[in-house]
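Tertiary structure, described
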Amino acid sequence: MVNKINRYLKKRINIAKVSFQEILAFRIDIVSILISTFIVTLLSYSLWTAIYKTNSSLNGFDLKAIINYILIASLLNSTLNTPRRVPLNVSREIRTGQIATKLIKPVSYYELNFWYCFGRGIYFFIIITIPLTIISCIFFGLTLPNTFTDGVLFVLSALMGFVIEVGLSLVLSGFIFKTINMDGVFKVNAFFSYLFSGRLIPLAFFPKWLKSVADFLPYRCTVSIPIEIYLGKGNIFMMISIQCVWIIILLLVSNMLFRNAYKRMEVMGG
Amino acid sequence: MIKKYFEIYFLFLSQYLKRRMSFSKDFILTFFMDIIGKISTLLFITILFNNIPILGGWTLNETLVVYGLALMCRGTYLTFFSRLEDLGSDFILDGELDRLLVRPISPLFSIIAEKVNEDSITEVLIGLGALIYALAHVKITAIKVFFIIFSLINGVLIYFAFFLIINCISFWYNSRFSIMWTFMELSDFSQYPISIFTSPIKFILTWIVPFSLASYYPAVYILGKGIENHWISYVTPVITIVFLLLAYIIWHKGLKKYESVGN
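Cut-offs used in this document
Residues numbered from 1 in each chain as written. Chains lettered and ligands numbered in written order. Predicted model: local features only at pLDDT ≥ 70, side-chain atom pairs only at ≥ 80, totals over all residues. Helix = DSSP H or I, 4+ residues; strand = E, 2+ residues; numbered from the N terminus. Rg over C-alpha atoms; globule rule 2.2 N^0.38 Å. Buried ≥ 20, exposed ≤ 12 C-beta atoms within 10 Å, placed from the backbone. Contact = placed C-beta atoms within 7 Å. Nonpolar A, V, L, I, M, F, W, Y, C, P; charged D, E, K, R; others polar. Core = buried A, V, L, I, M, F, W, Y, C linked by C-beta atoms within 7 Å. Axes fitted to C-alpha atoms, helices over the stretch in contact; angles between N-to-C directions. Parallel < 35°, antiparallel > 145°, perpendicular 65-115°, else oblique. Left-handed = near helix turned anticlockwise from the far one by under 90°.

What follows concerns the overall build of chain A. Within chain A one finds 11 helices and two strands. Over its C-alpha atoms chain A spans a radius of gyration of 20 Å, differing by no more than 12% from the 18 Å that the globule rule assigns to 270 residues. Taken over the C-alpha atoms alone, chain A extends approximately 70 × 40 × 40 Å along its principal axes. Counting all 270 residues of chain A, 35% fall into the buried class. In chain A, the proportion of contacts linking residues at least 24 apart, taken out of those at least 6 apart, comes to 82%.

So, in structure tokens, the structure goes:
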């Protein structure tokens, strides 16, 4: 039994490893990514500093909390960018027909994409997120969470947020099999993710009706909830259970979409 | 002379559009999706002013004037001059500049006329929408309308001069990657009234990366806000001319430095 689980996991972890090694071959312009993230962060840092010149506290955020918020949001975003590429890859593989070689692999195409994200995620965490964390501490004064438990729970919640982002990307990829032109859907999804995840502005600043829309969507699990845990706000148990529910829903739905797609492709295959 | 250039430009443009039209996609849908993708800053400003009445002395409508001007100038620049960003890669490293140098028209003109980036028109439209909405709430005279049009042209010229200088760096330091986009991110600062920022940022955005000359300083005049550095609003055309001259000199120095590729 243990042996079986071991073999099962080894296969999947190997996929992640390969996807990690694959990207090592590309030269990514780390410096330019870091510089542009620095500029974007500097802009929101200066904006919020200006806003808090006349207000000491807004919607339960003081200046220190809001600065931590934008810094953590950009850190989380730098790793969350990886799963966002999956739908683009899938649509490319369908168009070029590369998908055929992926379908005959011993691991399903769904799982291939799922584990691929982890390899890439770890890579981007090492080359972008870690340097960004150092930059945030030196230039913008990122501070640690109040208690050790908050920190541990934040790491857990951020990991779950990553899985949710993977799930969202897989759901989106699942729809690609049904329609051909997805460019518009990608753009709207990217915008929704930017707005409702809390990257644009903390959700507490939203007008009531928009906030209730955000509460119903999974996007806030990726950025807003981990940060709220980091800052020690709100009901931690509640937020983590919401994340768990979304993980289950998204993985089930995406799995179903992919299963349907396989059937359709058999029909078209011929 | 100018008439000849206009004729050539429209010839180039119609050729380009013919090429583009052969890949027709559902244009209207893509267009609306594009707009949605680009209104995030506008949303940020609106949501923010829902929470605070005033930002460093600027109300929502006044901020929208700055935002609208900045977006329109940048959008127009990106629409008509976006081929400049390939100067380092296509024209210098791949040697396409050779082809343009033997033409009887200015090579700079040839580069610009090669492409119209129709995606950026959405940016112009969003900016225009924000500007009109904001100005509907401000008292405005006919002279100021002329001033707005004038400052839009002036703003586009500033973007053009600045990015020509930036891209000319490729004549001396070859690189496939244009650093233009890093500076484009700096232009996001100019979508806000820069008086709210710290003085180093204000200085950089006025004298080194002069994007605020296209948005903040005209807005100060249009709205009649007597804040510091008011005089710059009146001399923006002079600064623009200086930047244009500088760009012209650097471009010609660069052309002299250019030594084709191999064979």
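When its secondary structure is counted, chain B shows 13 helices and zero strands. If you list the helices and strands of chain B from N to C, you get α-α-α-α-α-α-α-α-α-α-α-α-α. Its C-alpha radius of gyration of 20 Å places chain B within 12% of the 18 Å reference for a compact globule of 263 residues. Based on the C-alpha atoms only, the size of chain B along its principal axes is roughly 65 × 45 × 35 Å.

Between chain A and chain B, the residue contacts involve 28 residues of the former and 27 residues of the latter. For the side of chain A that touches chain B, the element with the most residues is helix 2 (residues 30-51) of chain A, which contributes 10 residues. A class-by-class count of the residues in the side of chain A that touches chain B yields 18 nonpolar, six polar and four charged.

In this section: the nonpolar core. Within the largest apolar cluster, 56 residues are counted, with the highest numbers of intra-cluster contacts made by Val 65, Leu 69, Cys 73, Tyr 159 and Phe 160 of chain B. Looking at this core, the elements with two or more residues in it are helix 4 (60-81), helix 5 (87-93), helix 8 (121-135), helix 9 (142-168), helix 12 (212-222) and helix 13 (232-257) of chain B. The biggest single contributor to this core is helix 9 of chain B, with 13 residues. Counting residues in each nonpolar core, the second largest holds 47 residues, with Val 86, Phe 114, Val 163 and Trp 246 of chain A among its members.

All names here are of chain A. Viewed as axis vectors pointing N to C, helix 3 (residues 63-80) and helix 6 (residues 109-140) meet at an angle of 160 degrees, and their least axial separation amounts to 8 Å. By the angle class used here, helix 3 and helix 6 are roughly antiparallel. Seen from above, helix 3 lies across helix 6 with right-handed handedness. Across from Ile 67, Leu 71, Ser 74, Leu 75, Ser 78 and Thr 79 in helix 3, the residues of helix 6 making contact are Gly 121, Phe 124, Phe 125, Ile 128, Thr 129, Leu 132, Thr 133, Ser 136 and Phe 140. Its residues placed into classes, the contact of helix 3 with helix 6 shows eight nonpolar, seven polar and no charged.

So, about the environment of Phe 125 of chain A. Residues and elements named next belong to chain A. Relative to the helices and strands, Phe 125 is located in helix 6. Spatially, the C-alpha atoms of Phe 125 and Thr 82 are 9.7 Å apart, while their sequence positions differ by 43 residues. Apart from the residues within four sequence positions on either side, Phe 125 is in contact with Thr 79 and Ile 130.

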